[in-house]
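# Notes for the structure review
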Amino acid sequence: MKKYSQYFNKKSRFLKTPELMGKSAATLDSLNPAELESRLQGLLKIQNDFYPCFDWSFPPPLLSPSSAPATAAELFSEASVVPGRYSLYLHSPFCKTLCSFCYYSVIPGRGIDQSATYIDYLVREMALYADAMAGQICESVYFGGGTPTYLDDALLVKVFEGLRKHFVLAEDAEISIEASPGTLPREKVKLLKTLGVTRLSYGIQTLDEQLLATMNRHYSVPEAIHELDGAIDLIGNVNVDTMYGFEGEPDHALLKTLEAFHQIDVPSLSIYALDRQRSEHKNSFVPPKDDAYEKKIQHFSAAKTFLGERGYRPVLQNVFAIPGKASYRHQIRRWDNLPLLSLGIASQGYAPQRPYQNIASIKSYYEAIDLGRLPVSTVDHLSPEMELCRELTSKLRFTQISMSGMRDKYGVDVDVVFRDLINVLGDMDFISCKGDVLKMTEKSAYYNNIIPMLFSPDSFKQELLGLPEEYIEEFPVPYILTRVGHTQSAPVVINTRARITTTIERRMLSDRRWHAERRCQTTAIASEKERRRAADRRQKQEDRRCAAMPPVLVDPM
């Protein structure tokens, strides 16, 4: 039996989302600034639901999802706030082993025998979207899993050939792939570089072999370091995933791991807290009680300081990179409401105003593609107001907000709509507003899943009153959102005229870029064809020359 989600904003096959019970007769309170501050001072004493919960999404997975559209054109029919551009996510579910902390859709061990069939269907899924994405530029690709580098070389080649056949990739596209120890010999890294990979994310988690044993991770640390050296040497833009929060973990374990990676010049490091979804008891309405909560905050804060002293700068809340040596454009652009075309089982994508998820069952995934249907299981439909707040809450949660950028894109003054909330949170030292930039402070770490949600529309908070009362009472985020009252000082009114003007200007620019990218791609293809024709001509000339030469007589002595 699944349990009710402790994390509210997290999507997972192990978690059950409570259903909205319909429109509630209760209403949100209307408060003046002093009353709002007093209310928040009382509410924010409630423990955060998880720290740091990096796998976070807005809106939370409790809206009423609708059935999948029949075609890609229908799924992507709404106008994008970033017209002419999109990113791609590919999912390969195959792994050497099943890590004890993993809650993603994976097929471990001998399941790799199914990989050739799966990749065939993945490329066929690409074809279902090709026409709908024609005329647009893919600016980044992320190949995750699972462990994509567990695939054999021929299948990797097939995936990248499919990408370039069905989509137009930007000339400077960031192309990332995930890897794990034992799957990345130097020859494979060379192949990945040839295929166009510009960024690699290597999942080690820790260099403490005793902790590794508790995760069902069985690899040699020296071997992993050797593979990592090769990836840094050949690709350069390499990220290493680290993790903390293990039972019995020494206080120094995370910093010791980070120092080791810094010493071998890893240019990017990400830090994740252990998530025990797979191992926790599946009781309904169990409120989150993380005994290591305070320690996790302390460890993360120490790690952030440690990396800052060594030249790493935060790219996202939990990803740190050395400027000029590493990047992570794919994830940063996700919070711009850039469309994300997701392929493969259980992958989560974003069409304009439509977050969606693919079918999780591999058999059902194959059946949908055989029928020529999108293998999409559910779609959420967002209003323009919710789409704006998706960007607003996500950027506040992970990076920062440019208020002029929001105004240019949506025609909405965030500092007007949430005037009182911004002032109150600023007075409480939970957010800072310097010039044009709004972001959370260090003090907000204790409530970093809650404070961004305060910027969700009042209409959404009103909907949450339709959740089961026992769920609201037990879980911090819905409790605070339904008890805090109105947080908007003005309605959200999307300036359609400004948005249309901006969209047209961006579309014209994107069209010019697309034609330029297409010319580059066409020129490259034409050059390759000409090279092959020239080689064929030289070979034919050589064959004719050899045929015209008199036979050489050998004196049989």
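Please refer to the structure higher up on the page.
The residue count restarts for each chain, going from 1 along the sequence in the order it is written. Totals for whole chains, interfaces and linings use all residues, but because this is a predicted model, local features are given only for residues with pLDDT of at least 70 and pairs of side-chain atoms are given and counted only at 80 or more. As a rule here, side-chain values cover all heavy atoms of the structure and leave hydrogens and water aside.

## Thoughts on the pattern of salt bridges
When charged atoms on two side chains of opposite charge get close, those side chains can pair. One speaks of a salt bridge when a side-chain nitrogen belonging to Lys or Arg is within 4 Å of a carboxyl oxygen belonging to Asp or Glu. All chains considered together, the criterion is met by 22 salt bridges. Here Arg419 makes a salt bridge to Asp420, at a shortest N to O gap of 3.5 Å. Salt-bridge contacts for Glu469 lead to Arg483; the nearest nitrogen and oxygen are separated by 2.9 Å. Of this pair, Glu469 sits in helix H17 (residues 469-474) while Arg483 sits in helix H18 (residues 476-483); the two residues are 14 residues apart in sequence, bridging distant segments of the chain. Residue burial is assigned from relative accessible area. The probe radius is 1.4 Å, only protein chains are included, and a residue is buried under 20% of its type maximum, exposed over 50%, and partly exposed in between. For Arg483, a relative accessible area of 21% gives the class partly exposed. Overlapping salt bridges bring together Arg85, Glu139, Arg333, Asp336, Glu391, Lys395 and Lys409 as one network. Put simply, DSSP marks the helices as runs of H or I at least four residues long and the strands as runs of E at least two long, and each gets a number from the N terminus on.

## Side note on the environment of Ala70
For Ala70, the location among the structural elements is in the loop between helix H1 (33-43) and helix H2 (72-75). Residue class for Ala70 comes out exposed when judged on its relative accessible area of 53%. Taking C-alpha positions, Ala70 is 6.2 Å from Arg373, a pair spaced 303 residues apart along the chain.

## What to know about the side chain of Glu249
Checked against the element boundaries, Glu249 lands in the loop between strand E9 (238-244) and helix H8 (253-263). In protein, a polar contact requires one atom able to donate a hydrogen and another able to accept it; more generally it is a pair of N or O atoms within 3.5 Å, and residues adjacent in sequence count only if both atoms are side-chain atoms. A polar side-chain atom of Glu249 sits 2.8 Å from the main-chain amide nitrogen of Gly245. Apart from residues no more than four positions distant in its own chain, Glu249 is found in contact with Leu211, Met243, Tyr244, Leu254 and His299. Contacts between residues were defined by any pair of non-hydrogen atoms, one from each residue, lying within 4.5 Å.

## With respect to the packing of H8 against helix H9 (residues 293-308)
In this analysis, axes come from line fits to C-alpha atoms, helices being fitted only over the stretch in contact, and the angle between any two N-to-C directions falls in the range 0 to 180 degrees. The geometry of H8 relative to H9 is characterised by a closest axis approach of 10 Å and an angle of 25 degrees between their N-to-C directions. Relative to H9, the element H8 lies roughly parallel. Handedness of the crossing formed by H8 with H9: right-handed. Here Leu254, Leu255, Leu258 and Glu259 of H8 come into contact with H9, specifically with His299, Ala302, Ala303, Phe306 and Leu307. Residue type decides the class: Asp, Glu, Lys and Arg count as charged, Ala, Val, Leu, Ile, Met, Phe, Trp, Tyr, Cys and Pro as nonpolar, and the leftover types, Gly among them, as polar. Class assignment of the residues belonging to the contact of H8 with H9 gives a composition of seven nonpolar, one polar and one charged. Oblique is the label for every angle not falling under 35 degrees (roughly parallel), over 145 degrees (roughly antiparallel), or within 65 to 115 degrees (roughly perpendicular). When the near helix sits turned anticlockwise from the far one by under a right angle, the crossing is termed left-handed; a clockwise turn instead gives a right-handed crossing.

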